[in-house]
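Here are the chains, one letter per residue:
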Amino acid sequence: MSFVTVPELKAQLNIDHDLDDALLSHQIDAAVAHVASFIGAPLTDPLPAAIRQAVLMLAAYWYETREAAQAGGCALCRAVRGA
């Protein structure tokens, strides 16, 4: 089940090429799994707007920082947890 599509994530990122479609699909899958784990329940279709936005933002963040080495982990994840 696809809660967020590659074209939707490409629109979020302003990407107009197909070179990274496989990577974007992976980022979506990972973000869906992470959000489901975070809320402690499987995601349902249709997603509530806030959960859908969280998946889009997390997948976009991971795509944009895929080569960055950061100490202390994901800033977005810490913000979501309130740490």
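See above for the structure.
The structure displayed is predicted, hence computed values, not measured ones.

Draft legend 1. The arrangement of the overall build of the chain in detail. On a plain count of helices and strands, the chain comes out with 4 helices and 0 strands. Taken from the N to the C terminus, the helices and strands of the chain come in the order α-α-α-α. A total of 83 residues make up the chain; the buried ones form 31% of that total. Looking at the chain alone, contacts between residues at least 24 apart form 58% of all its contacts between residues at least 6 apart. Split by element, the accessible area of the chain, about 5,200 Å² in all, is 56% carbon and sulfur.

Draft legend 2. Representation of the pattern of salt bridges. Following the criterion strictly, the structure yields 3 salt bridges and no others. With its nearest N and O atoms 2.7 Å apart, the salt bridge here joins Asp-18 to Lys-10. One salt bridge in this structure joins Lys-10 and Asp-21, with 3.2 Å as the shortest N-O distance. Within this pair, whereas Lys-10 is found in helix 1 (residues 6-13), its partner Asp-21 is found in helix 2 (residues 21-39), the two being separated by 11 residues in sequence. Looking at Asp-21, the relative accessible area reads 25%, which means it is partly exposed. Three or more residues are tied together by salt bridges with common partners; here these are Lys-10, Asp-18 and Asp-21.

Draft legend 3. The nonpolar core, seen in detail. Core analysis: the biggest nonpolar cluster contains 20 residues, and Leu-9, Leu-13, Leu-24, Ile-28, Val-32, Leu-43 and Val-55 have the highest contact counts within it. When contributions to this core are tallied by element, the ones reaching two or more residues are helix 1, helix 2 and helix 3 (49-64). Apart from residues lying up to four places away in sequence, Val-32 is in contact with Phe-3, Leu-43 and Val-55.

Draft legend 4. Region of interest: unusual backbone geometry. Cis geometry marks the peptide bond from Asp-45 to Pro-46; its omega dihedral reads 5 degrees. For Asn-14, which is not a glycine, the phi torsion comes out positive at approximately 55 degrees. Assignment of secondary structure puts Asn-14 in the loop between helix 1 and helix 2.

Draft legend 5. Structural context of the packing of helix 1 against helix 2. It is the contact of helix 1 with helix 2, at a shortest axis distance of 10 Å, that shows an interaxial angle of 100 degrees. One element, helix 1, and the other, helix 2, form an angle in the roughly perpendicular class. Contacts between helix 1 and helix 2 pair Val-6, Leu-9, Lys-10 and Leu-13 from the former with Asp-21, Leu-24, Ser-25 and Ile-28 from the latter. Its residues placed into classes, the contact of helix 1 with helix 2 shows 5 nonpolar, 1 polar and 2 charged.

Draft legend 6. Geometry of helix 1. Every buried residue of helix 1 is listed here: Val-6, Leu-9, Lys-10 and Leu-13. Seen end-on, helix 1 carries its buried residues on one side only, within an arc spanning 105 degrees. Along helix 1, the residues that are exposed and aim more than 90 degrees away from the buried face are Pro-7 and Ala-11. Of the surrounding elements, those touching the buried residues of helix 1 are helix 2 and helix 3.

Reading the values: the criteria
- Residues numbered from 1 in each chain as written.
- Predicted model: local features only at pLDDT ≥ 70, side-chain atom pairs only at ≥ 80, totals over all residues.
- Heavy atoms only, no water.
- Helix = DSSP H or I, 4+ residues; strand = E, 2+ residues; numbered from the N terminus.
- Buried < 20%, exposed > 50% of the residue type's maximum accessible area, 1.4 Å probe, protein only.
- Contact = heavy atoms within 4.5 Å.
- Areas by Shrake-Rupley, 256 points an atom, 1.4 Å probe, with all protein chains shown as cover.
- Salt bridge = Lys/Arg side-chain N within 4 Å of Asp/Glu carboxyl O.
- Core = buried A, V, L, I, M, F, W, Y, C linked by side-chain atoms within 4.5 Å.
- Axes fitted to C-alpha atoms, helices over the stretch in contact; angles between N-to-C directions.
- Parallel < 35°, antiparallel > 145°, perpendicular 65-115°, else oblique.
- Nonpolar A, V, L, I, M, F, W, Y, C, P; charged D, E, K, R; others polar.
- Arc of directions from axis to C-beta.

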